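Next come the chains, spelled out residue by residue.
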Amino acid sequence: MNYPEFVKVAPELGLDRLFDYGIPQRLRGRIQLGQRLRVPWGKRSIMAYAVEFPLRPEVEQVKDVEEVAGEKPLIPSGLCQLARWMADYYACDLGAALRTILPGPVRSHEGGGKMAWWISPVPGREEMAKEILRGAKAQEKAWLHLLGCGGGWQTVLVKESGAGTAVWRALVDRGLAERSEKRLVRGEEAAEGGWPGSETRPELGKEQTEAMLAWEEERQREGGGRPILLEGVTGSGKTEIYLRAMEQVLGEGKNVIILVPEISLTPQTVARFRGRLVGRKIRLSVLHSGQTVAERRESWHEIREGRARVVIGARSALFAPLENLGLIVVDEEHDGGYKQAEAPRYQARDLAVVRGRTEGAPVILGSATPCLESGWNADRDKYRRVRLTQRVDGAKLPKVHIVDLRKEDKPSGGGPILLSEELVTALKSRREKGEQSLVLLNRRGYAPSVQCPHCGKVEECDRCAVPMTYHRIDGKLRCHFCDADRASPVRCRECGSPVLKYTGAGTERLEEGVTEIMPGVRLTRMDSDSMKARGAHAKALTEFREGRTDILLGTQMIAKGLHFPNVTCVGVVGIDGALNLPDFRASERVFQLLVQVAGRAGRGEVAGEVFVQTYTPFHPAIQFARHHDVDGFREQELEYRKAHGYPPFRRAILLSFSGSSEAQTLASAEHVVKKLRLAWGDKVEVPDPCPAPIARVEGRFRFHVFLLVDRGVPILGDLKREVLAPKWPSGLKVSVDVDPQDLL
Ligand code: ADP
Ligand code: ZN
Ligand code: ZN
């Protein structure tokens, strides 16, 4: 066999640059991608990762690798390949891609050294435990948690269960749990099998059964088959499909990654996955942004060592170092949270498909409103579309009423129309019946802008070219782009007029409006201002679920994945602004939001209804949403995209330039445009730079060059050379965003 003779490595302490080394005879065949190596470095030696096996080195003289650290590569080789793919596709350097895959806390920690407590239940003590723990509430709770997860690191268990170390020690003292000290790295595999699952599994409905057959059929194919696009209306039992697929795969000894949009907003989903693992002694690791450095490191090693076999988390969980992958689920695949805003600007949904393909693992993308790109892929049979058209238990989709605001009477004060008659009547009557409502207004604060009626001046942020939002809670104007705030002026800063007009409405104002109209209503406002405190979000949801709140009013936070059977009415307020954003995805987003939030109504016995207030009742996004017509919307939207050459028909790439000098920033953008035109000729149309829709943020001037490129035209090399490689004047920021989400 011919083993590679050369290896490209990325130094552990500076992943950005790659260096070539030779592989001496004695190490040939022992080095895999992602392996940690000791290599000579000047007079010393350093640790580095193997990232590529070039046929020949770029420099003439190479030194030899000194030794191989550890038996298996620290970075699974599948992830190494994924890093390469990312670097190529998203035009970022390999170092940035590797840093994403191997986060700092993991890199800086050698592993191997640190010891930690591992707690596991003593098998066969369930009966006994009931007796022993009678009356000891905290211990009982901890015990159930332990049974649920089959064991875990003490620090993690404490965090997850809320039970302190004393409680865990008591469980050990009472002979129910075992505690052993284990190395964070190099632990033995978690034991498997043994106890029967205790969570009840519902009988699958007809459509669900068919979905499982399709899944079965695809995954029998070579390489994991086509990704499955599970298109199911809200409440149709998609999650049940994920759970079944997971169970199957785990039973075969393979591992699972579940991506959810925002882990903190989806505690219910996590609980369901946990529940399904009860008694199986299979550990699930939850990755989330609230983890401390130490926790993140522990999770990472626990996964790498094969102790945790199910990983659930937001987009970065895609890089969980699992081997032997049997399934990747991307729940709510249309969600904007899957795109990373900073370099590397990857889209986790797309990367999930790439990782699945690389590692031969089946992928399920699920949503009630798949993104247009995925829908299009299913249309062309690149994905397999599987539909769930019925809600579980035959619950009906809610009736959607479009309220034409043009026909409403203007309020006497001349302020904005907050709530139409129709919506108010519905909210009142639902409350009288003891049912609950949701009201969505995707804008926080009191008033989105403050204007002087005398001279017309709008209060703008000093650093950003946007109006400031008035927050009544603290009487401040706040910029929603840079978070700067200042006291709300008492008179116009331009002409001194003492009267200022608060235009438009945010959640604070809507809250005020609703409580005025419905005295005594129990209302919770849910937005990033009101939910700042730790645990506030979970508390609000619990109160709502327990019926202690009549109305939950808030931003899109309330539209996400929640399942409340008693919600029968949903009001949508102020969506016209979102339709008019300068973004080719504006109507797709509104459509998704409407269908999603509508899906929160009537998930129980009583049929639900939805009220959408708008000044543009005939807009296609609204009309198709009204009929829950995902196919109709996609068809019409694809036509529009095709006519304009927007994605998915061409690839979009956004070049952004920002700097504190307007002239210099523009000049740099123009320079790049000139270079690219030279390089590409008429292969790609390169428009002139234009000021970004938000032309200034945090005092920096911003220019965009928006490219639409035919598929298959290779341009990323040129972008790297002309845009990313040059040394730009200091302070100037230049970026390349492939498949951009945010065009503002
Ligand atoms: P989705 O993910 O599509 O919104 P879920 O999987 O959350 O739907 O299902 C909605 C509800 O119906 C959940 O409470 C779930 O436990 C329940 N459910 C799912 N499948 C079935 C089934 N086959 N029989 C009975 N209940 C089910
Ligand atoms: Zn004025
Ligand atoms: Zn600002």
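All residue numbers refer to positions counted from 1 along the written sequence of the respective chain. For this description, chains carry letters from A and ligands carry numbers from 1, given in the order in which they are written. Local features in a predicted model are, by the rule used here, given only for residues with pLDDT of at least 70; side-chain atom pairs are given and counted only at 80 or more, and totals for whole chains, interfaces and linings are based on all residues. In computing side-chain properties, one takes all heavy atoms of the structure into account and sets aside hydrogens as well as water.

Peer 1: I'd like to hear about the side chain of Ser299, residue by residue, with values.
Peer 2: Following the sequence through the fold, Ser299 ends up in helix H11 (residues 293–304). Here a residue-residue contact requires only that any non-hydrogen atoms of the pair lie within 4.5 Å. In contact with Ser299, not counting residues within four places along its chain, are Ser285, Leu287 and Gln291. A helix here means a DSSP run of H or I that spans at least four residues, while a strand means a run of E at least two residues long, and both kinds are numbered starting from the N terminus.

Peer 1: Hey, could you go over the sheet that holds strand E30 (residues 733–738) for me, with residue numbers and the actual values?
Peer 2: DSSP calls a pair of strands paired once it identifies at least 2 bridges connecting them. Pairing in this open sheet of four strands is antiparallel, and the strands run E28-E29-E27-E30 from one edge to the other. Looking at strand neighbours, the two that pair on one side only are strand E28 (690–697) and E30, the edges of this open sheet. On average, each strand axis in the sheet is inclined to that of its neighbour by 25°, with strand direction left out of account. Looking at chain direction, strand E27 (residues 650–659) and E30 are connected through six bridges and run antiparallel. Axis definition: a line fitted to C-alpha atoms, over the contacting stretch in the case of helices. Angles run 0 to 180 degrees between N-to-C directions.

Peer 1: Explain the site of ligand 1 to me, using residue names and the numbers behind them.
Peer 2: Around ligand 1, a shell composed of 17 residues is seen, among which Glu203, Gln208, Gly235, Thr239 and Arg272 lie nearest. Think of a polar contact as two N or O atoms within 3.5 Å of one another; within protein, one of them needs to be a possible hydrogen donor and the other a possible acceptor, and neighboring residues in sequence only count if both atoms come from side chains. Taking Thr239, its side chain carries an N or O atom lying 2.6 Å from an oxygen atom of ligand 1. Within the side chain of Arg272, an N or O atom sits 2.7 Å from an oxygen atom of ligand 1. Method for areas: the Shrake-Rupley scheme with a 1.4 Å probe, in which residue coverage is limited to the protein chains shown. Protein contact buries 76% of the 560 Å² of open area that ligand 1 shows by itself. Per element, the largest residue contribution to the shell around ligand 1 is three residues, and it comes from helix H9 (residues 238–251). Note on residue categories: nonpolar means Ala, Val, Leu, Ile, Met, Phe, Trp, Tyr, Cys or Pro, charged means Asp, Glu, Lys or Arg, and polar means any other residue, Gly included. By residue class, the composition of the shell around ligand 1 is four nonpolar, eight polar and five charged. When we say a residue is near a molecule or strand, we mean one of its heavy atoms is within 4 Å of it.

Peer 1: I'd like a rundown of the confidence of the model for the protein chain, residues and numbers included.
Peer 2: Along the chain, pLDDT gives the predictor's confidence residue by residue, from 0 to 100. Summing up the model confidence of the protein chain, the mean pLDDT is 87 and the portion of residues at 70 or higher is 94%. Every residue in residues 185–198 scores below 50 in pLDDT, and together they form 33 contacts with partners more than four places removed in sequence or on other chains.

Peer 1: Which residues make up the coordination of the zinc ion (ligand 3), and what are the values?
Peer 2: The coordination sphere of the zinc ion (ligand 3), as far as protein atoms go, consists of Cys461 (SG), Cys464 (SG), Cys479 (SG) and Cys482 (SG), spread over 2.2 to 2.4 Å. With four donor atoms in place around the zinc ion (ligand 3) and angles of 107 to 113° between them, the coordination shape is tetrahedral. Donor selection uses N, O and S atoms within 2.8 Å of the metal (3.2 Å for Na, K and Ca). Since no water is included, sites may look incomplete. Along the chain, the residues donating to the zinc ion (ligand 3) are arranged with the sequence spacing C-x2-C-x14-C-x2-C. With Cys464 in the loop between strand E18 (449–451) and strand E19 (469–471) and Cys482 in the loop between strand E20 (476–478) and strand E21 (485–487), this pair connects stretches of sequence that are 18 residues apart. The two residues Cys464 and Cys482 agree in class, both being buried. Any coordination sphere not matching a tetrahedral pattern (four donors, all angles between 85 and 135 degrees) or a square planar or octahedral pattern (four or six donors, opposite donors over 155 degrees apart, other angles between 65 and 115) is reported as irregular. To sort residues, take the accessible area from a 1.4 Å probe on protein chains only and compare it with the maximum for the residue type: under 20% means buried, over 50% means exposed, and anything in between is partly exposed.

Peer 1: Explain unusual backbone geometry to me, and be specific about the residues and the numbers.
Peer 2: At the junction of Ala343 and Pro344, the peptide bond is cis and its omega measures out at -10° in the coordinates. Relative to the helices and strands, Pro344 is located in the loop between strand E13 (325–331) and helix H12 (348–359). Following Pro647, the chain continues into Pro648 via a peptide bond in cis, with omega recorded as 5°. Within the fold, Pro648 resides in the loop between helix H20 (630–644) and E27. At Glu332, a residue that is not glycine, the phi angle is positive and equals roughly 50°. Judged by its relative accessible area of 15%, Glu332 falls in the buried class. Backbone geometry places Asp483, a non-glycine residue, at a positive phi of 70°.

Peer 1: Break down the environment of Arg589 for me, with residues and values.
Peer 2: Tracing the chain through its elements places Arg589 in helix H18 (residues 586–598). Along the sequence, Arg589 and Arg219 sit 370 residues apart, while their C-alpha atoms lie 31 Å from each other. Those residues in contact with Arg589 that lie beyond four places of it in its chain are Asp583 and Gln741.

Peer 1: Help me get a handle on the packing of aromatic side chains, residues and values and all.
Peer 2: Here is the rule: rings of Phe, Tyr and Trp (six-membered ring for Trp) pair when centre to centre is within 6.5 Å. Planes less than 30 degrees apart are stacked, more than 60 are edge-to-face, and the remainder are tilted. Tallying each qualifying case throughout the model produces 14 aromatic pairs. Summarising the aromatic geometry, the rings of Phe19 and Trp41 are spaced 5.0 Å apart at their centres and angled 90° between planes, so their arrangement reads as edge-to-face. Separated by 22 residues along the polypeptide, Phe19 in strand E2 (residues 19–22) and Trp41 in strand E3 (residues 36–41) bring together distant segments of the chain. When the ring of Phe624 is compared with that of Phe633, the centres are 6.3 Å apart and the planes differ by 70°; the resulting orientation is edge-to-face. In this analysis the charged atom, NZ for Lys or CZ for Arg, is taken to sit over a ring once it is within 6 Å of the ring centre and within 35 degrees of the ring normal. The ring of Trp118 has Arg307 sitting right over it, with the charged end atom 5.1 Å from the ring centre. Between the NZ or CZ atom of Arg380 and the centre of the ring of Trp376, over which it lies, the distance is 3.6 Å.

Peer 1: Tell me what's going on with a positive patch on the surface, and back it up with residues and numbers.
Peer 2: On the surface, Arg357, Arg380, Lys382 and Arg711 cluster together into a patch of positive charge. By the secondary structure assignment, Arg380 is in the loop between helix H13 (372–379) and strand E15 (384–388). A residue counts toward a patch only above 30% relative accessible area and without a salt bridge, and it is joined to like-charged neighbours within 9 Å or, for Val, Leu, Ile, Met, Phe, Trp and Tyr, to nonpolar neighbours within 5 Å. Salt bridges are identified by distance alone: a Lys or Arg side-chain nitrogen within 4 Å of an Asp or Glu carboxyl oxygen. A residue counts as positive if it is Lys or Arg and as negative if it is Asp or Glu; His and the chain ends are not included. To locate a charge, take NZ of a lysine, CZ of an arginine, CG of an aspartate or CD of a glutamate.

Peer 1: Just give me the short version of the pattern of salt bridges, but keep the residues and values in it.
Peer 2: In the structure shown here, the tally under the stated rule is 56 salt bridges. With a shortest N-O distance of 2.9 Å, Arg385 and Glu231 are connected by a salt bridge. Here Arg385 is found in strand E15, whereas its partner Glu231 is found in strand E9 (residues 228–232), with 154 residues between them in sequence. Of the charged contacts, one joins Glu588 and Arg641 as a salt bridge, the two residues approaching to 2.9 Å between their closest N and O atoms. Of this pair, Glu588 sits in helix H18 while Arg641 sits in helix H20; the two residues are 53 residues apart in sequence, bridging distant segments of the chain.

Peer 1: Break down the nonpolar core for me, with residues and values.
Peer 2: One finds Phe319, Ile653, Leu655, Leu707, Ile715 and Leu719 to be the most contacted residues of the largest nonpolar core, which totals 74 residues. For this core, the element with the highest residue contribution is helix H1 (residues 77–89), accounting for seven residues. Residues contacting Leu655, with those up to four places away along its chain left out, are Val672, Leu676, Phe703, His704, Val705, Leu707, Leu719, Val723, Ser735 and Val736. The term nonpolar core refers to a set of buried residues drawn from Ala, Val, Leu, Ile, Met, Phe, Trp, Tyr and Cys, joined through side-chain atoms within 4.5 Å.

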